[in-house]
Amino acid sequence: MQDYDEATAFLGEWGPFQRRIFFFLCVTIIPNGYVTLSMVFLADTPQHHCHLPDSLNGTTGEANLSSLLPVEEVDGEMIYSRCRRYKTPVTDDLNDTTRETEPCVDGWEYSTDRYISTIVTQWDLVCDNNWKGPFTSSVFFLGALFGSIISGHVSDSGIFLLFYRYGRKVVLFGGIAMQTIFSFIQVACTSWEMFCVLSFFIGIGDISNYIAAFVLGTEVLIKSARIVYSTIGVGIFYAIGYICLSLFAYLIPDWKMLLLALTVPEILVLPFWWFIPESPRWLLSQGQVEEVEAIVKAAAKQNDIKCTGMRFENNDGATHGNLATRHTDMHNYLDLIRTNNIRNITVISFLLWMIITIGYYGLSFNMANLHGDPYINCFISAATEIVVYVMCWWFMHTTPRRIVTASMLFLSGSVLLLVQCVPKTLRIMTIIFVMIGKSGVTAAFTIIYIYSAELYPTVVRNMGLGACSMASRIGSMIAPYFAYLVMYDEVLPFMLMGTLMLTAGMFSLMLPETRDHPLPEMIQQTQSINCCWFSARLSGLRPSTIQTTVLQNSNIFSPASTAELQPIAPASTLAYDCTELP
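Throughout, a residue's number is its position along its own chain's written sequence, starting from 1. Given that this is a predicted model, residues contribute local features only at a pLDDT of at least 70 and side-chain atom pairs are listed and counted only at 80 or more, while totals for whole chains, interfaces and linings are drawn from all residues. Each side-chain value is worked out from all heavy atoms of the structure, with water and hydrogens disregarded.

Here we come to the confidence of the model for the chain. Values of pLDDT, which run from 0 to 100, indicate the predictor's confidence residue by residue. Confidence in the prediction of the chain, expressed as mean pLDDT, is 75, and 75% of residues score 70 or more. Contact criterion: two residues are considered in contact whenever any of their non-hydrogen atoms come within 4.5 Å of each other. Contacts for the low-pLDDT stretch residues 314–329, under 50 throughout, to residues beyond four places or in other chains number 30 contacts. Counted against residues more than four places away or in other chains, residues 533–582, with its pLDDT under 50, gives 81 contacts.

With the exception of glycine, the majority of residues adopt a negative phi angle, and the majority of peptide bonds are in the trans configuration. Positive phi outside glycine occurs at aspartate 124, with the angle close to 55 degrees. Counting through the fold element by element, aspartate 124 comes out in the loop between helix 5 (119–123) and helix 6 (132–157). For cysteine 127, which is not glycine, the phi torsion reads 55 degrees and is therefore positive. Counting through the fold element by element, cysteine 127 comes out in the loop between helix 5 and helix 6. The class of cysteine 127 is buried, set by a relative accessible area of 15%. Strands here mean DSSP runs of E at least two residues long; helices mean DSSP runs of H or I at least four residues long; both are numbered from the N terminus. For the exposure calls, accessible area comes from a 1.4 Å probe over protein chains only, and a residue counts as buried if that area is under 20% of its type's maximum, exposed if over 50%, partly exposed in between.

In this section: the state of the cysteines. Disulfides are covalent bonds that connect the sulfur atoms of two cysteines. For the purposes of this analysis, a disulfide is any pair of cysteine sulfur atoms at a distance within 2.5 Å. One pass over the structure, following the stated rule, counts two disulfides. The disulfide partner of cysteine 50 is cysteine 104, and the S-S distance across this bridge is 1.8 Å. Taking the sign of the torsion about the S-S bond as the criterion, the disulfide between cysteine 50 and cysteine 104, at about -60 degrees, is left-handed. Placement of the pair is cysteine 50 in strand 1 (residues 48–50) and cysteine 104 in the loop between strand 5 (101–103) and strand 6 (108–110), with a sequence separation of 54 residues. Here cysteine 50 matches cysteine 104 in class, with each residue buried. With its sulfur 2.0 Å from that of its partner, cysteine 83 forms a disulfide with cysteine 127. Classification of the bridge connecting cysteine 83 and cysteine 127 rests on its S-S torsion, roughly -100 degrees, and on that basis the disulfide is left-handed. Of this pair, cysteine 83 sits in the loop between strand 3 (77–80) and strand 4 (84–86) while cysteine 127 sits in the loop between helix 5 and helix 6, placing them 44 residues apart in sequence. Cysteine 83 sits in the partly exposed class, given a relative accessible area of 29%. Along the chain, the cysteines engaged in disulfide bonds are linked according to the scheme 1-3, 2-4 when indexed in sequence order.

Structure, rendered in structure tokens:
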């Protein structure tokens, strides 16, 4: 029996159909690049100090400020206090430190050298309220956490309120529409609380869009095209969005206008609905064979391939008319822990996704805190990601998945731990080390998406990625506070993230290898993890003993071969008589 990749191999790997799907899906990823990280600029905190009483408006010269505001040391630099002012503004001794101080009872004055306004200056998210800045990002990722659950659940298990069996395409464009609508409403926010609530819903749309686009591309494209899409395609277009963020933020220093400029392009993506098909793999799993037949015929036509005698058959030779009414087993999140193999992979994947996400977003949000211009730092960070994605594409062709994942995590963790050894006078070296560390974790983040998609079987793949993404959103909710720790110690965030990266590297070595393996279709085809004692204990039993036992107790594998388990498509198989047009 042929699997889906073999049955559709006649379409080729890089024809007009594949190129169109590749491009349109990649364009839908661009908004994810700037929406997810927009808080780097929307919630940035400019230099500020207490607003002076109205009676002293004309005495704000440098000498007078020294008599009105206490001075404090921040990162080795003496600056005016951000949260306190003297109760007694005038004194003969400017060096007198015994004068009583008070909080900024009249508000704050903010520097406009870089920003006209941010949400921090709009609602005074400083001093006692400075926790609200990173909390805003955490609320966004809380929405992403919720979206990770429902996007996988709506796409695969078919139960979310009144919606069921909508598939990848509806989730993709539903997420884009939600993200766009709530972003427009957010521009008109009149309070920080309202801004946070809307950020929650934007987070739902953002992650639903990303997961659905990633899975849809992975399932529509085959073989090398799938790898190119998952690494270079998704990664580079995400980085393009990140680059757009730094450019737009530099040109538009007002947060409302910046948010509006970032939202308008999302409208242009919605018409792609008529050009992107539903996942044929998902349609087959639902028994919707007529839709699959129409998609394959359209793809063949676009690729100038003539198909005759196209038909769908089940294992008994039944026609697709019978298959359309075939009962399809329901799957839910419990299937991710139903067997030992898939449960072990789920637990390890959860840990990896959470730690890698803390590293990626923790370093991304910290870019504005590094020495130098934040726009340049973010631009360099985004441009570096493009190089990393190209390297990942090469790695995916030449290196085992778990080896390259572990290597990137070890590189990132080691370099971040070395930041504490860099003298404070060599700030450029700190930036270089942080960029290398971020490059390593970016590579791991890219590969883990592909790796996880290959580890999970088709019947629960979208739920598997949604669940892993749920774990990563827990990490992303924590990540803004890693950047917040820089207010207390410059190197503490890097030490913590470096330690986590090394831990994740060790966990990644336990996952099974998926390179050059066919995508699993059923849960029983999930590979086992690589524990040394477990492998040694069972080494004398493979392949005959273990596989014979499995074959005797399962009807989803073909007993024709004991060297490799052969999957039988649960829904149907495809038969074609196709030739290229002259």
